[in-house]
Amino acid sequence: MTSDPFRSGPSGTDAFSTRPFDLGRDAVIAYPVRDRRPRTLDAADLLAAVGELALRAVAGACDVTLAFWREDALLAEVSTDVGLSQAVGAHDSRPGPVAAVLRSGGMVQLPDLEREARWPEAARELRVRGVRSCAAAALRRPRFSLAVVVYSTVPGPLSPASDLDELLSEWVAAVVRSRVRGVV
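Overview of the structure. As the structure is a computational prediction, the values presented were derived from the model and not from experiment.

### Some details on the environment of Arg140
Item 1. Along the polypeptide, Arg140 turns up in strand 4 (residues 133–140).
Item 2. Using a relative accessible area of 40% as the deciding quantity, one classes Arg140 as partly exposed.
Item 3. A polar side-chain atom of Arg140 sits 2.7 Å from the main-chain carbonyl oxygen of Leu102.
Item 4. Within the structure, Arg140 has its side chain in polar contact with the backbone oxygen of Arg103 (distance 2.4 Å).

### Section: the nonpolar core
Item 1. Among the nonpolar cores identified, the biggest contains 27 residues, and Leu146, Val150 and Leu168 are the most heavily contacted of them.
Item 2. Those elements giving two or more residues to this core turn out to be helix 2 (43–57), strand 1 (61–70), strand 4, strand 5 (145–152) and helix 6 (164–178).
Item 3. Element by element, the count of residues in this core is highest for helix 6, at seven residues.
Item 4. Excluding residues that lie within four positions of it along the chain, Leu146 makes contacts with Leu46, Leu47, Leu66, Ala67, Phe68, Ala137, Ala138, Leu139, Leu168 and Val172.

### Overview of the pairing of strand 1
Item 1. Most of strand 1 is tucked away, with eight of its 10 residues classed as buried.
Item 2. Pairing analysis gives six bridges linking strand 1 to strand 2 (residues 73–79), with the strands arranged antiparallel. By the bridge assignment for strand 2, Trp69 is matched with Leu74.
Item 3. Where strand 1 folds back onto strand 2 in an antiparallel hairpin, the turn is made up of two residues, including Glu71, whose phi is positive at roughly 50°.

### Concerning the packing of aromatic side chains
Item 1. Summed over all chains, the structure comprises one aromatic pair.
Item 2. Between Phe68 and Phe144, the ring centres sit 5.5 Å apart and the planes meet at 15°, which makes this aromatic pair stacked. Here the residue Phe68 occupies a position in strand 1, and Phe144 occupies one in the loop between strand 4 and strand 5, the gap between them amounting to 76 residues.
Item 3. For Phe144, a relative accessible area of 8% translates into the label buried.

Criteria and thresholds
Residues numbered from 1 in each chain as written. Predicted model: local features only at pLDDT ≥ 70, side-chain atom pairs only at ≥ 80, totals over all residues. Heavy atoms only, no water. Helix = DSSP H or I, 4+ residues; strand = E, 2+ residues; numbered from the N terminus. Buried < 20%, exposed > 50% of the residue type's maximum accessible area, 1.4 Å probe, protein only. Polar contact = N/O pair within 3.5 Å; in protein donor to acceptor, adjacent residues only side chain to side chain. Core = buried A, V, L, I, M, F, W, Y, C linked by side-chain atoms within 4.5 Å. Contact = heavy atoms within 4.5 Å. Pairing = 2+ DSSP bridges. Phe/Tyr/Trp six-rings, centres within 6.5 Å; stacked < 30°, edge-to-face > 60°.

Here it is in structure tokens:
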């Protein structure tokens, strides 16, 4: 009969016992353990990150407003200027570019607020705050909707705002990929 080096005690009892491996105690070469990333991405954090991307990507942009809805309830809104978000109707369903893009999807360009006929009240409020042009876009999904408005102090179409709705989708995807999926 061959002897088992691990069972050298009388009547087959184990000669040694094991304990759970502890990285800090038992590792031969210690290495730092990264903190766990958070499991959720807060709606306001998502909007703030997307807003930063919008300000960098749209030439001439001076301010941005983003609003996030789930099942027609406003969950979060961020803006570089709260007065601007009130003027475009980001907080409520008053007529304005945000309500228009949320209903139809896509984007709306307001290249010259001096001549804006669709939303004269919003145009007047924006002009008082120094805004001369803006563009709004919406990202509509079955579980949520997100709207962005980018403002400029210079009249004329914002560039590349002609694809602002597509850019919004790319920005949200980039933020969600770089952080842990949560609210969306």
